[in-house]
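# Observations on the model geometry
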Amino acid sequence: MNPTPPPPAAQPTTATPPDIRRWSLNSAVLLIPAVFMAGILALSTERGSRCLTYGDDGCSPWPAGTFSWTVIGVVLACVVTIALPARTRRLHELRTAAFALQILLEAFAVIVALSFP
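Residues numbered from 1 in each chain as written. Predicted model: local features only at pLDDT ≥ 70, side-chain atom pairs only at ≥ 80, totals over all residues. Heavy atoms only, no water.

### Points about the overall build of the chain
Quick note on the threshold: Numbered from the N terminus, helices here are DSSP runs of H or I no shorter than four residues, and strands are runs of E no shorter than two. Only protein chains enter the calculation, and the probe is 1.4 Å; a residue is then buried if its accessible area is under 20% of its type maximum, exposed if over 50%, and partly exposed in between. Any two residues whose heavy atoms approach within 4.5 Å at even a single point are treated as in contact. The Shrake-Rupley method, run with a 1.4 Å probe sphere, supplies the accessible areas, and residue values consider only the shown protein chains as cover.
Regarding its fold elements, the chain presents 4 helices and 0 strands. Secondary structure elements of the chain, listed N to C terminal, follow the sequence α-α-α-α. Here the chain holds 117 residues, and 21% of them are scored as buried. Across the chain, contacts joining residues at least 24 apart in sequence account for 75% of those joining residues at least 6 apart. Total accessible area on the chain stands at roughly 8,300 Å², and carbon and sulfur atoms take up 71% of it.

### Here we look at the packing of helix α3 (residues 66-83) against helix α4 (residues 89-115)
Axes are the key here: two packed helices are described by the angle between their axes and the distance separating the axes. Just so we agree on the cut-off: Here an axis means a line fitted to C-alpha atoms, over the contact stretch when the element is a helix, while the angle between two N-to-C directions is reported on a 0 to 180 degree scale. An angle below 35 degrees is treated as roughly parallel, one above 145 as roughly antiparallel, one from 65 to 115 as roughly perpendicular, and anything else as oblique. Each crossing gets its hand from how the near helix is turned against the far one by less than a right angle, where anticlockwise is left-handed and clockwise is right-handed. Residues are sorted three ways: Asp, Glu, Lys and Arg are charged, Ala, Val, Leu, Ile, Met, Phe, Trp, Tyr, Cys and Pro are nonpolar, and all the rest, Gly among them, are polar.
As a packed pair, α3 and α4 sit with axes 8 Å apart at the nearest point and diverge in direction by 155°. It follows from the interaxial angle that α3 and α4 lie roughly antiparallel. Where α3 crosses over α4, the two elements pack in a sense that is left-handed. When α3 is examined against α4, the residues T66, F67, T70, G73, V74, A77, C78, V80, T81 and I82 are found in contact with a partner set consisting of R95, A98, F99, Q102, L105, E106, F108, A109 and V112. Tallied by class, residues from the contact of α3 with α4 come to 12 nonpolar, 5 polar and 2 charged.

### Some words on the nonpolar core
What counts, and what does not: Nine residue types can take part in a nonpolar core, namely buried Ala, Val, Leu, Ile, Met, Phe, Trp, Tyr and Cys, and a core is a set of them joined through side-chain atoms within 4.5 Å.
By size, the foremost hydrophobic cluster in this structure holds 6 residues: L31, V35, A38, V74, A109 and A113. Listing elements by their share of this core, those giving two or more residues are α1 (17-43) and α4. For this core, the element with the highest residue contribution is α1, accounting for 3 residues. Every residue in contact with A113, bar those within four places of it in the chain, is listed here: V35, A38, G39, A42 and W62.

### Some details on a nonpolar patch on the surface
Condition: Note that patches include only residues with greater than 30% relative accessible area and no salt bridge, and the join distances are 9 Å for like charges and 5 Å for nonpolar side chains (Val, Leu, Ile, Met, Phe, Trp, Tyr). A pairing counts as a salt bridge when a side-chain nitrogen of Lys or Arg comes within 4 Å of a carboxyl oxygen of Asp or Glu.
On the surface, a nonpolar cluster with roughly 240 Å² of combined accessible area is contributed by L25, V29 and I82. A residue is classified by how much of its surface remains accessible, and I82, at 32% relative accessible area, is partly exposed.

### A short note on the pattern of salt bridges
Within the structure shown, the criterion is met by 3 salt bridges. One salt bridge connects E93 with R89, and the closest N-O pair in it is separated by 3.1 Å. Of this pair, E93 and R89 both sit in helix α4, separated by 4 residues, roughly a single helical turn. The partly exposed category is assigned to E93, whose relative accessible area is 39%.

Below, the structure written as structure tokens:
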């Protein structure tokens, strides 16, 4: 009988370029319902409902341009993540960094939506 060869060592898995592209596109699409739900959650507080009902002076609007610039940054990071080819290791690292920036900007956009009813 021939001895069976040992199983190959487990290789660390990294996200392949199509996976990062898919994750980037999915997270960009899911930003819209996440911000919408965060806005509803902010309006369901006592302060938020008072702002919605009576328009009190204590209601502060979002800082000028913060949300729009954040969304523009998310779109640009998503485009870089999707469009950048992963031919070399350097470009793959750049794509991964753009995806990380996109996720951070999306989290910031949700936090901004939660903070200002």
